[in-house]
Amino acid sequence: MTGTEIANSYETHKKRLFHISYSITRDSYLAEDAVQETFIKALNKAHTIIDKEKLGAWLSVTAARTAIDFVRRERKKSCQPMELEAIEALGSVNSEAVDSMVEAQLMEAQINRAINTLGDGYRDILHLKASKGLKEKEIAEMLNLKPCTVKTRLYRARKRLKPLFMGAANI
């Protein structure tokens with residue numbers, strides 16, 4: 001097929017290709033660009049098209065893929081860098097953040113005091129579980145205990161700590 005034949009088929013296929021492209025891009029300008037790009041690709045690949053009757057199908061598939069490429073490019077473009085004001089606002093610490101940080105530190109100190117009231121067996125297991133993030137089986141291996149013993153002690157430690165914090169929540 002020649003480039004002239006493809007150029008002559010522009011009027012025949014442009015409306016359908018536009019609808020295909022628009023259904024993907026949801027933007028008339030991008031759809032028009034996709035149609036134009038599709039015909040440019042068709043002109044560049046005219047020598048590979050053997051069957052003239054399949055030209056419409058080939059153009060439709062090419063238009064759809066081109067429209068998808070346009071949408072992907074637009075998504076990448078839409079990721080604009082942050083403006084300087086926004087960056088500065090992120091860098092500044094506001095009073096709410098300071099207040100919540102102080103509250104978190106006070107809560108952590110209260111939790112540590114409560115944990116220190118527990119017996120050694122409970123305290124060590126709870127510390128390894130909460131602070132170190134170890135699993136019951138790992139704690140059992142470290143302390144030469146059975147995993148069920150570790151689970152029981154964790155349960156009991158939590159049960160003993162719960163009333164301390166329930167009372168604090170009612171204040």
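This text follows the structure it describes.
Note that the structure is predicted; figures quoted are calculated from it, not measured.

Reading the values: the criteria
- Residue numbers here run from 1 along each chain, matching the order of that chain's written sequence.
- Totals for whole chains, interfaces and linings use all residues, but because this is a predicted model, local features are given only for residues with pLDDT of at least 70 and pairs of side-chain atoms are given and counted only at 80 or more.
- Heavy atoms throughout the structure, all of them, feed into the side-chain values; hydrogens and water do not.
- Think of it this way: any DSSP run of H or I at least four residues long counts as a helix, any run of E at least two long counts as a strand, and we number them from the N terminus.
- Summary of the burial criterion: residues with accessible area below 20% of their type's maximum are buried, those above 50% are exposed, and those between are partly exposed, where the area comes from a 1.4 Å probe applied to protein chains only.
- Note on contacts: a residue pair qualifies if any of its non-hydrogen atoms lie within 4.5 Å across the two residues.
- Only the protein chains shown count as covering a residue, and every accessible area follows the Shrake-Rupley method with a 1.4 Å probe.
- Note on ring pairs: Phe, Tyr and Trp rings are taken, using the six-membered ring of Trp, and paired if centres are within 6.5 Å. Classes follow the plane angle, with under 30 degrees stacked, over 60 edge-to-face and the rest tilted.
- For this document, the term salt bridge refers to a Lys or Arg side-chain nitrogen within 4 Å of an Asp or Glu carboxyl oxygen.
- Only the contacting stretch of a helix is used when fitting its axis, a line to C-alpha atoms as for every element, and angles between N-to-C directions run 0 to 180 degrees.
- The cut-offs work like this: below 35 degrees is roughly parallel, past 145 is roughly antiparallel, 65 to 115 is roughly perpendicular, and the gaps in between are oblique.
- Each crossing gets its handedness from the near helix: less than a right angle anticlockwise from the far helix is left-handed, clockwise is right-handed.
- Three categories are distinguished: nonpolar for Ala, Val, Leu, Ile, Met, Phe, Trp, Tyr, Cys and Pro, charged for Asp, Glu, Lys and Arg, and polar for the others, with Gly belonging to the last.

Q: What exactly am I supposed to notice about the overall build of the protein here?
A: A tally of regular secondary structure across the protein gives nine helices and zero strands. Taken from N to C terminus, the helices and strands of the protein fall in the order α-α-α-α-α-α-α-α-α. Residue burial in the protein is summarised as follows: out of 171 residues, 23% are buried. Considering only intrachain contacts with a sequence separation of at least 6, the fraction spanning at least 24 residues in the protein is 63%. Total accessible area computed for the protein in this model is approximately 12700 Å², and 55% of it derives from carbon and sulfur atoms.

Q: I keep staring at the packing of aromatic side chains and nothing clicks. Help me out?
A: The description of two aromatic rings rests on the distance between their centres and on the angle between their planes. Tallied over the entire structure, the rule returns two aromatic pairs. Seen from their ring centres, tyrosine 10 and phenylalanine 39 are 4.8 Å apart, and the 65 degrees between their planes marks the pair as edge-to-face. With tyrosine 10 in helix α2 (residues 10-25) and phenylalanine 39 in helix α3 (residues 28-44), the pair connects residues that are 29 residues apart, well separated along the chain. Tyrosine 10 gets classed as partly exposed once you look at its relative accessible area, which sits at 24%. On the accessibility criterion, phenylalanine 39 (6% relative accessible area) is buried. With 6.0 Å between their ring centres and 20 degrees between their planes, phenylalanine 18 and tyrosine 22 make a pair best called stacked. Separated by four residues within a single helix, phenylalanine 18 and tyrosine 22 lie in helix α2, roughly one turn from each other.

Q: Teacher, can you tell me more about the pattern of salt bridges here?
A: Where charged atoms of side chains with opposite charge meet at close range, the side chains can pair. Overall, the coordinates contain four salt bridges when judged by the stated rule. Across the pair aspartate 69 and arginine 72 runs a salt bridge, and its minimum N-O distance is 3.9 Å. Of this pair, aspartate 69 and arginine 72 both sit in helix α4 (residues 55-78), three residues apart, roughly one helical turn. Here aspartate 69 falls in the partly exposed class, since its relative accessible area comes to 30%.

Q: Help me out: how do you make sense of the packing of α2 against α3 in this one?
A: Helix-helix packing is described using two parameters, namely the angle between the two axes and the distance between the axes. Here α2 crosses α3 at 130 degrees, and the two axes come no closer than 8 Å. Accordingly, the angle class assigned to the pair α2 and α3 is oblique. α2 and α3 meet at a crossing whose hand is right-handed. Two secondary-structure elements touch here, α2 through Tyr10, His13, Lys14, Leu17, Phe18, Ser21, Tyr22 and Thr25 and α3 through Ser28, Leu30, Ala31, Glu32, Ala34, Val35, Gln36, Thr38 and Phe39. Residues of the contact of α2 with α3, tallied by class, amount to nine nonpolar, six polar and two charged.

Q: What is the right way to look at unusual backbone geometry in this model?
A: In terms of backbone geometry, most residues other than glycine have negative phi values and most peptide bonds are trans. At arginine 26, a residue that is not glycine, the phi angle is positive and equals roughly 60 degrees. Mapped onto the elements of the fold, arginine 26 is located in the loop between α2 and α3. Its identity is not glycine, yet asparagine 144 carries a phi of approximately 55 degrees, on the positive side. Structurally, the position occupied by asparagine 144 is in the loop between α8 (136-143) and α9 (147-169).

Q: Hey, could you run me through the side chain of threonine 38 in this one?
A: Residue position: threonine 38 is located in helix α3. If we skip the residues at most four places from it in the chain, threonine 38 touches Leu17, Leu59, Thr62, Ala63 and Thr66.

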